[in-house]
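The residues making up each chain are set out below.
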Amino acid sequence: MEEPHIGHIIKQVLQQQGRTITWLGKQLGCSRQNIYKILNRPWIYTDMLLKISDLLGYDFFKCFSEYQKEKFQLKNYS
């Protein structure tokens, strides 16, 4: 079980919704370069993740909750 790479997940959701990096940058008041930096990292500040979640109407925190739940279940079955 691999820890979620939040940047990759955000990229996938953007693509599924037909939105671009430029669009996300404009919504967040960031340059495209900064958005690429954010999306290439496996982590993100929670306040930024909350803004992105709101913009895309997607609960990115759920990815981590599900990962933690699976990790906990595996630990208890070992």
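Look up: the structure comes first, before these words.
Residue indices follow the written sequence of each chain, beginning from 1 at its first position. Whole-chain, interface and lining totals are the exception, using all residues; otherwise, since this is a predicted model, local features are given only for residues with pLDDT of at least 70 and side-chain atom pairs are given and counted only at 80 or more. Each side-chain value is worked out from all heavy atoms of the structure, with water and hydrogens disregarded.

So, on to the packing of helix H1 (residues 6–16) against helix H4 (residues 46–56). Helix packing for two helices is described by the angle between their axes and how far apart those axes are. Axis geometry follows a simple rule: fit a line to the C-alpha atoms, using only the stretch in contact for helices, then measure angles between N-to-C directions, giving values from 0 to 180 degrees. Helix and strand definitions here come from DSSP, where helices need a minimum of 4 consecutive H or I residues and strands a minimum of 2 consecutive E residues; each element is numbered from the N-terminal end. Packing of H1 against H4 leaves a shortest axis separation of 11 Å and a crossing angle of 15°. When the axis of H1 is compared with that of H4, the two are roughly parallel. In the packing of H1 onto H4, the handedness of the crossing is left-handed. Side by side, H1 and H4 meet where Ile6, Ile10, Val13 and Leu14 of the first sit next to Leu49, Ile52 and Leu56 of the second. Residues are grouped as follows: nonpolar covers Ala, Val, Leu, Ile, Met, Phe, Trp, Tyr, Cys and Pro; charged covers Asp, Glu, Lys and Arg; every other residue, Gly included, is treated as polar. For the contact of H1 with H4, the residue count by class is seven nonpolar, no polar and no charged. An angle counts as roughly parallel when it lies under 35 degrees, as roughly antiparallel when it exceeds 145, as roughly perpendicular when it falls between 65 and 115, and as oblique in every other case. Working rule for handedness: look at the near helix, and if it is turned counterclockwise from the far one by less than a right angle, call the crossing left-handed; if clockwise, right-handed. Only heavy atoms matter for contacts: two residues are in contact if any of them lie within 4.5 Å across the pair.

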